[in-house]
Amino acid sequence: AQIANGAWGITLATATQVQVAHRFGVRRVLLANQLVAKTDINSVLHLMHDDPDFEVIALVDSLVGVVRLGNAVSAHPLARALPLLVELGIPGKRAGCRSPLEVMEVARAVASTPGLQLAGIEGYEGLLVSDDRAADVHAVETFVGHIAQLARDADGEGLFGGAEILVSAGGSAYFDLVARGFDGLHGLSRPIRAVLRSGCYLTSDHGSYHRLIGALDQREARGSGLRPALEVWSMVQSRPEPGLAILTMGKRDASYDVDLPIPLYAHRPGPGVPASLPPGCKIAKMNDQHAYLTLPAGDPLCDSLAVGDLVGCGISHPCTTFDKWPLLLTVDDEYNVQNAVNTFF
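Report on the accompanying structure. Here the structure is a predicted model, which means the values were calculated and not measured.

## What to know about the nonpolar core
Moving on, step 1. One finds Leu82 and Val86 to be the most contacted residues of the largest nonpolar core, which totals 63 residues.
Moving on, step 2. Broken down by element, the residue count for this core peaks at nine residues, all from helix 5 (residues 133-156).
Moving on, step 3. In contact with Val86, other than residues within four places in its own chain, are Val60, Cys97, Val103, Val106, Ala107, Leu118, Gly120, Ile121 and Glu122.
Moving on, step 4. In terms of nonpolar packing, the next biggest core, distinct from the first, is built from 22 residues, Ala245, Met249, Leu277 and Ile315 among them.

This is the structure we're talking about:
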């Protein structure tokens, strides 16, 4: 559906996901991770060898990584070179070169290794999120500026090997700043392909990304058009105390790494539409398969909530909810099921 609506390709995180994507007909994958294990490297190379039109672009952030990939390609020759993006990282955070100097060293190594091709420069802006929005904006603009300048520097040395130069940043927090930062990248030796990897745009959420998208809307002075679209529904399994309902969901069902789920609706099975829960409702904590829904006293809807009633919750951070569900249902505004979607994490 994303490709049908104009996505340039699909971003994935593991070699197994690449195999699944190929099986289901995806033709271009950006593997936004390091290929390290021999089995993972070989599985991707075998796909590219057996299907030369299948495009995989991977990341690299070290000279050791370049050597490992170069050796693998030498042992399993391809009809065309393996395209790689050098990853610019952030000190103290996850993978990626820690300095522009290191990026250029790795870029030169890729360009000089037979069977490998320097396709571009990338980073992950999603790690630059704090409670200080002004500082975040400055940090993201600086980070994206470094990626753009590294693309200029690498192009100045003639290191790129493809028909276009790929610059990319991943994360759903400040993708408007990423787009603006890459928009001014002109005058290089070949066309620029700027790719946003903002996966949480697909559903957004009712928590962390809802707040971040609100800040984006203020920066852009217009609505982004993104609405929360992922809900987890469960049932009331116990009303052991006034003001407390125990739900049939827990840490195995919904994300809790950023915020706990946000209670939205209640519905008694049967005709009618879900009723909005009052703001005082809160998921206070979760066990593996229980959620503690605290209810404000004196609210008629909350007082009437009974065992067997349905409760719909929004979530905060879609990624760690998706992987808990092998089957997702897509519904219309009246909750009529439209499709069933299998996940493969």
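So, next bit.
## Things to note about the pairing of strand 5 (residues 116-124)
Every other side chain in a regular strand lies on the same face of the sheet, so the side chains alternate between the two faces.
Moving on, step 1. Taking burial as the measure, the nine residues of strand 5 include seven buried ones, the bulk of the element.
Moving on, step 2. Where strand 4 (residues 82-88) lies against strand 5, seven bridges are found, and the strand directions are parallel. Paired with Leu82 across the strands is Leu116, a residue of strand 5.
Moving on, step 3. Read as a crossover between parallel neighbours, the route from strand 4 over helix 4 (residues 100-111) to strand 5 is right-handed.
Moving on, step 4. Across five bridges, the pairing between strand 5 and strand 6 (residues 165-170) is parallel. Paired with Gly123 across the bridge in strand 6 is Ala169.
Moving on, step 5. With helix 5 bridging strand 5 and its parallel neighbour strand 6, the resulting β-α-β unit is right-handed.

## A few points about the state of the cysteines
Moving on, step 1. Tallied over the full model, the rule gives zero disulfides.
Moving on, step 2. Counting only cysteine sulfurs, Cys319 is the nearest neighbor of Cys200, a cysteine outside any disulfide, at a range of 3.6 Å.

## As for the packing of helix 2 (residues 38-50) against helix 3 (residues 63-75)
Geometrically, a packed helix pair is captured by the angle between its two axes and the distance between the axes.
Moving on, step 1. Contact geometry for helix 2 and helix 3: axes closest at 10 Å, N-to-C directions at 50°. As judged from the angle between their axes, helix 2 and helix 3 are oblique. With respect to the hand of their crossing, helix 2 and helix 3 are arranged in right-handed fashion. Residues Lys38, Ile41, Asn42 and Leu45 of helix 2 pack against Arg68, Leu69, Ala72 and Val73 of helix 3.
Moving on, step 2. Grouping the amino acids of the contact of helix 2 with helix 3 by side-chain chemistry returns five nonpolar, one polar and two charged.

Conventions we followed
- Residues numbered from 1 in each chain as written.
- Predicted model: local features only at pLDDT ≥ 70, side-chain atom pairs only at ≥ 80, totals over all residues.
- Heavy atoms only, no water.
- Core = buried A, V, L, I, M, F, W, Y, C linked by side-chain atoms within 4.5 Å.
- Buried < 20%, exposed > 50% of the residue type's maximum accessible area, 1.4 Å probe, protein only.
- Helix = DSSP H or I, 4+ residues; strand = E, 2+ residues; numbered from the N terminus.
- Contact = heavy atoms within 4.5 Å.
- Pairing = 2+ DSSP bridges.
- Right-handed = clockwise from strand over helix to strand, strands pointing away.
- Disulfide = S-S within 2.5 Å.
- Axes fitted to C-alpha atoms, helices over the stretch in contact; angles between N-to-C directions.
- Parallel < 35°, antiparallel > 145°, perpendicular 65-115°, else oblique.
- Left-handed = near helix turned anticlockwise from the far one by under 90°.
- Nonpolar A, V, L, I, M, F, W, Y, C, P; charged D, E, K, R; others polar.

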